[in-house]
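Structure assessment
Residues per chain, in single letters:
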Amino acid sequence: MNIQYLKEITDVLADFMKENGYTAENEQLGTFKGETKTYKIKYDEEKKLYSVNVAAADSEDFKELSSWYFDEANHGAKDTMCIGEDFMESIAKDAGITAVKKADGTTKDVVMPEKAVIGTEPGIEAFTQKFLATFPQYKETYKAMVAKYGDFLYVEFYRQYGIEKLQELMANETANKKQLTKYWKMLGDMHYEGELIVGDLICTVIIAGTFKGDVAAFDAAAEKYLADYPFLKSSGRASVADYKNNRKLRKLIEG
């Protein structure tokens, strides 16, 4: 494990933990002890995951609160900042701390989207909760947008970040197989279970914007990832095929 990256994550948390009564352990980098709880940052080299874990004070029975995929060959300081802020949120929630300070000292006061109520169709909020749980590096981007505009501009968000992430993963399917499969499954499940507006967002923004008229590339991806989602397979293909001839669709995606 590269100690530099663990230190970068720990440095993001340092002031916040100190302000809330937790002492950094010099002997164990990434460990913060309080009166009733201990928080520890760990790295699983086999799974390439950083995780934040909690245990009762002086106990070694740790429970994972959050984890983040981190490949040291392809990630760096920008990612460790995001990981640190995500772990800060997880610790705050577990410890019952209501006001969380970012590394720059500003207060995070944007409410995160929630899961759909059991028995109801997931809407944009539930879809976004799922997206941010899958790719927590976009949590701060979501908060910044809501803070700036006072509302969540979901088309603006997904035409940039939903497309960006799918294209990034598709660019190296071998290396990103696990995350790519998870993303396509999320799209398939939410297209099937969600409200009509969610299905439209998935097809006409994320999928159409990712493939931009390249039907052959979409068909190849659909064969690998959408075998269990025939409706998304057909609807997604129609949106991709419509991209080149539909000026309104292109404007929706390109802004």
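One structure accompanies this document, and this report is about it. Numbers given for residues are sequential positions, taken from 1 along each chain in its written order. Confidence filtering applies because this is a predicted model: local features only for residues at pLDDT of at least 70, side-chain atom pairs given and counted only at 80 or more, and all residues used for totals across whole chains, interfaces and linings. Processing note: side-chain calculations cover all non-hydrogen atoms of the structure and skip hydrogens and water entirely.

Here we look at the side chain of Ser239
Stated precisely, the cut-off is as follows: Numbered from the N terminus, helices here are DSSP runs of H or I no shorter than four residues, and strands are runs of E no shorter than two. Any residue under 20% of the maximum accessible area for its type is buried, any over 50% is exposed, and the rest in between are partly exposed; the area is computed with a 1.4 Å probe on protein chains only. Residue contacts are counted whenever heavy atoms from the two residues lie within 4.5 Å of one another.
In this structure, Ser239 sits in helix α9 (residues 230-242). Exposure remark for Ser239: the relative accessible area of 10% places this residue in the buried category. When sequence neighbours within four positions are dropped, the list of residues in contact with Ser239 reads Cys203, Thr204, Ala208 and Leu249.

Considering the pairing of strand β5 (residues 63-69)
Keep this limit in mind: A strand pair is defined by DSSP finding two or more bridges across the two strands.
Summarising the sheet, strand β4 (residues 49-56) and β5 pair through six bridges and their orientation is antiparallel. Bridge pairing in β5 links Val52 to Ser66. Counted along the chain from β4 to the antiparallel partner β5, the turn is six residues long, and its residue Asp58 has a positive phi close to 65°.

Thoughts on the sheet that holds strand β1 (residues 23-24)
The pairing of strands in a sheet comes from backbone hydrogen bonds and takes either a parallel or an antiparallel form. As summarised here, the arrangement of the five strands in space is β1-β2-β3-β4-β5, forming an open sheet in which the pairing is antiparallel. One side of each edge strand has no neighbouring strand; the edge strands of this open sheet are β1 and β5.

Remarks on the pattern of salt bridges
Oppositely charged side chains can form a pair if their charged atoms are brought close together. In plain terms, the rule: Just to be clear on terms, a salt bridge is a Lys or Arg side-chain nitrogen sitting within 4 Å of an Asp or Glu carboxyl oxygen.
According to the stated counting rule, one finds 12 salt bridges in the structure shown. Residue Lys37 pairs with Asp94 through a salt bridge whose shortest N-O separation is 2.9 Å. Placement of Lys37 in strand β3 (residues 37-44) and of Asp94 in helix α2 (residues 77-95) is noted, with a sequence separation of 57 residues between them. Here Lys37 falls in the partly exposed class, since its relative accessible area comes to 24%.

Considering the packing of aromatic side chains
What counts is decided by this rule: Pairing of aromatic rings covers Phe, Tyr and Trp, the last counted by its six-membered ring, and requires centre-to-centre distances within 6.5 Å; plane angles under 30 degrees mean stacked, over 60 mean edge-to-face, and any other angle means tilted.
If you walk through the whole model with that rule in mind, you get 20 aromatic pairs. Between the aromatic rings of Phe157 and Tyr161, the centroid separation amounts to 5.2 Å while the plane-to-plane angle is 50°, which identifies the pairing as tilted. Taken together, the residues span about one helical turn, with Phe157 and Tyr161 both in helix α5 (residues 154-170) at a distance of four residues. A single burial state applies to Phe157 and to Tyr161, both of which are buried. A centroid spacing of 6.0 Å and a plane angle of 5° characterise the contact between Trp184 and Tyr225, whose relative ring orientation is stacked. On the criterion of sequence distance, the pair formed by Trp184 in helix α6 (residues 177-193) and Tyr225 in helix α8 (residues 215-225) is long-range, its members being 41 residues apart. Each of the two residues, Trp184 as well as Tyr225, counts as buried. A connected cluster of aromatic rings, assembled from ring pairs, spans Phe127, Phe131, Phe135, Tyr138, Tyr142, Phe152, Phe157, Tyr158, Tyr161 and Tyr183.

Regarding α6
Note the following rule: One less than the residue count of a helix, multiplied by 1.5 Å, gives the span that helix is expected to have.
Under the 1.5 Å per step criterion, the end-to-end length of α6 is 24 Å for 17 residues, consistent within 8% with the ideal 24 Å. Along α6, the residues that are buried comprise Leu180, Tyr183, Trp184, Met186, Leu187, Gly188, Met190 and His191. Contact partners of the buried residues in α6: α3 (124-134), α5, α7 (196-211), α8 and α9.

Considering the nonpolar core
Put simply, the rule is: For the purposes of this section, nonpolar cores are sets of buried Ala, Val, Leu, Ile, Met, Phe, Trp, Tyr and Cys residues that join through side-chain atoms within 4.5 Å.
With 45 residues, the main nonpolar core has Phe127, Phe131, Phe157, Tyr158, Tyr183, Trp184 and Leu187 as its most contacted residues. Elements with a minimum of two residues in this core: α3, α4 (139-149), α5, α6, α7, α8, α9 and α10 (247-254). The element contributing the most residues to this core is α7, with nine residues. The residues touching Trp184, leaving out its near neighbours within four places in the chain, are Leu166, Met170, Ile207, Phe211, Phe218, Ala221, Tyr225 and Leu226. Listed in part, the 23 residues of the second largest apolar core include Tyr5, Val12, Tyr22 and Ile83.

Quick look at the packing of α6 against α8
Two numbers describe a pair of packed helices, the interaxial angle and the distance between the axes. Rule in force here: Lines fitted to C-alpha atoms define the axes here, with helix axes fitted over just the stretch in contact, and angles between the N-to-C directions of these axes take values from 0 to 180 degrees. We call two directions roughly parallel when the angle between them is under 35 degrees, roughly antiparallel when it is over 145, roughly perpendicular when it lies between 65 and 115, and oblique otherwise. Amino acids are sorted into nonpolar (Ala, Val, Leu, Ile, Met, Phe, Trp, Tyr, Cys and Pro), charged (Asp, Glu, Lys and Arg) and polar (every other residue, Gly among them).
Closest axis-to-axis distance for the α6/α8 pair is 10 Å, and the angle between their directions is 90°. If you check the angle between α6 and α8, you find them roughly perpendicular. Here Leu180, Thr181 and Trp184 of α6 lie close against α8, whose contacting residues are Phe218, Ala221 and Tyr225. Residues that form the contact of α6 with α8 fall into these classes: five nonpolar, one polar and no charged.

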